[in-house]
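# A look at the structure
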Amino acid sequence: MKHRVGGVSLNVAFTLAQPWTVLFGPSGSGKTTVLRAIAGFVRPEEGRIVKHGDVLMDSTTGEFVPPHQRLVRSAAQTAWLFPQQDVSSNLAYGSGWRSKPGDVAKIIQEVLSLFHLEGLGDRRPSALSGGEKQRIAVARAVVSAVTWDHAKPPLLLLDEPFTGLDAALRDDLLLGLRQRLEEWRIPVLSVTHALGEAFQLDAEVIKIADGRVIEQGPVTNVLAEERERLLTSLRVVKG
Amino acid sequence: MDLEALWLTLRLAAATTAILLLIALPLAWWIASGRGITRALTQAAVALPLVLPPTVLGFYLLVAMGPLTAPGRLLIRIFGHPLAFSFEGLLIGSIIYSTPFAVQPLVAGFEAVDRGYVEAAAGLGASPARVFFSVVLPMARSSLLTSAVLAFTHTVGEFGVVLMLGGNIPGATRTLSISLYDLVQDSNYAAANRTALVLMGFALAALVVIYLLPSVRRNQGRQADLVR
C-alpha cells in the first residue's frame, strides 16, 4: 500500500503468515498508519489489502470494505473505553456470540483473569488507572476477536498494547496472552518500538523505517543488530 | 387565561419537539461527521431561521403551502385541504422555524465526542447505527436534552410565523403568544399579565434546566470516581 500522511510517505508490502507478527520501528515510521489502513480507518491512496482471500480494499477496483464489516478487531494506543458503560459492558461490547451469551460471560471472566483485572467488572472507566484502562482496551478487542461467530478468525490489531505497563505485569501478560491467542487461533499484528517485547513474543518481525519495510523474518534475525547494540550499551553501563 | 390556547400551544410544542428530534438527530450527526460544501450549505440552511425575520419565513411558507406552488398542491392532495391556517400547517412552520434550536446543540454535542470512541466501536465490529445509539448518543445526552428543551420552549414562544401561517383561529391556530397579543389589543391587561407570566415561566424553567445540566454531570462524575 502507498499512502502519504504527515511527513511520512508510506510504501509497504508484506504478508502475514505467523500467529503473531510485530511491526517494529521508531516513532513516526508509519506503523500505526499501516494498522489503521488494515482496520479501515485510513484509505490508502494506492494498494490492495486482502485477509484470508477477502479483499478489504483495492485501489484499482475502488473496493473498500467499511471497518465494521472487516474480519479485523483492533485496539488503539489510547484506551477509548466507553465512559457510560462499566468494565464488563465495555468488554462485552464487541462480542459476537449473540446466540451463546453464557459462553461470552465465560470468555469475559477468563480474559479478565488473563489481564489481571479480576474484581473490576462493575467499575466505570473514570474509576480506573491508566494501566487498567489500557489492559481493558486490549482485553475488549481480545473478547471481540475470540467470540466472533465466523468460520475464519479475525485478525487482531494491537497498537502498542503493553507500553506503559510495569515490567513484571507486562512479561506475565505478554506470554499468557500469546499462548492463549494461539490456542484460540487468533492471528495478531501488533505495533511496538520496544525491543524486549518483540523478543519476548518470539514473533515474526516486520522492521519498518521512514514508511518502508526494511526486513521481515524471525525476531532473532531481523532485530539481531538492535539486540547487539542494546547488549553492548548494557555492558558499557555495567563495566 | 385562554386555556384552549395553552393546550394548543403545549400540543404544538410537544409535536414539534418530537418530530424535530427525529429529524435533528441524524441530520446533526451527519453535519458533525464530516466537512465539505454540502454540509456547509446544509448548516447554513438549518441556521437560516435564526437570522430571518419570522414574518419572512412565515410568508414564504404561506406561499409554499398554497395552491399556486407544486409542493403546496401536493400537500393539499395529501391532507385534503390547504395547510395554511390549520394545525398541521402550523406544525410544519414550527418545525422549520425551530430547526436550528434542535440541530445546533446536537451538532456541538456530537462534535465534542472524540472520533477515537467511534473508531474503537467500529474496530469491535459495531455498525455505524450501533456506534451512534450505543456510544455517541449516550455521550451527548445532555446536548439531546438541551436540544429538546430549546425546541419546546422556542415553539411555545413563537409569534411571527404562527401569525403569518396560522392566523388566529381559536382551538386550531391561536397559541398563547397570539392570545397575549389579542388580550393586549383588547386592553385586558390582567389576563395578558397572567399569559405573559406563563410564557415567562416556560422560558425560565427551560433555562434553569439547561444551566443545571453541567452541575448534574459533575455530580455524576464525582459519584463514579467515589466507586473506586
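Here, every reference points to the structure presented above.
Bringing the environment of L174(A) into the picture now. All names here are of chain A. Within the secondary structure, L174 sits in helix α5 (residues 167–184). On the basis of neighbour count, L174 is assigned to the partly exposed category, with 18 C-beta atoms found within 10 Å. On a C-alpha basis, the gap between L174 and L201 in space is 6.9 Å, while along the polypeptide they are 27 residues apart. Those residues in contact with L174 that lie beyond four places of it in its chain are F162, E197, Q200 and L201.

G58(B), L61(B) and L62(B) are the residues of helix α3 (residues 54–64) of chain B that are buried. For α3(B), the angular spread of buried residues about the axis comes to 105 degrees, placing them on one side.

Residues and elements named next belong to chain A. Bridge analysis of strand β1 (residues 2–5) against strand β2 (residues 8–11) gives 4 bridges, and the strand direction is antiparallel. Along β2, the bridge assignment pairs K2 with N11. Hairpin connection, β1 to β2: the antiparallel pair is bridged by 2 residues, and G6 has positive phi, about 60 degrees.

Quick look at α5(A) now. Each turn of an α-helix holds 3.6 residues, which means side chains three or four residues apart point in the same direction. With 18 residues, α5(A) extends 25 Å between its outermost C-alpha atoms, agreeing within 8% with the 26 Å of an ideal straight helix rising 1.5 Å per residue. Of the residues flanking the end of α5(A), it is R185(A), one or two places downstream, whose phi is positive at about 60 degrees.

Residues and elements named next belong to chain A. As summarised here, the arrangement of the 3 strands in space is β4-β5-β6, forming an open sheet in which the pairing is antiparallel. Two strands in the sheet have a free side with no partner beyond their single neighbour: β4 (48–51) and β6 (63–64). With 2 bridges joining them, strand β5 (residues 54–58) and β6 adopt antiparallel strand pairing. Bridge assignment links M57 to a residue of β6, and that residue is F64.

The rules behind the values
- Residues numbered from 1 in each chain as written.
- Chains lettered and ligands numbered in written order.
- Predicted model: local features only at pLDDT ≥ 70, side-chain atom pairs only at ≥ 80, totals over all residues.
- Helix = DSSP H or I, 4+ residues; strand = E, 2+ residues; numbered from the N terminus.
- Buried ≥ 20, exposed ≤ 12 C-beta atoms within 10 Å, placed from the backbone.
- Contact = placed C-beta atoms within 7 Å.
- Arc of directions from axis to C-beta.
- Pairing = 2+ DSSP bridges.
- Expected span 1.5 Å × (residues − 1).

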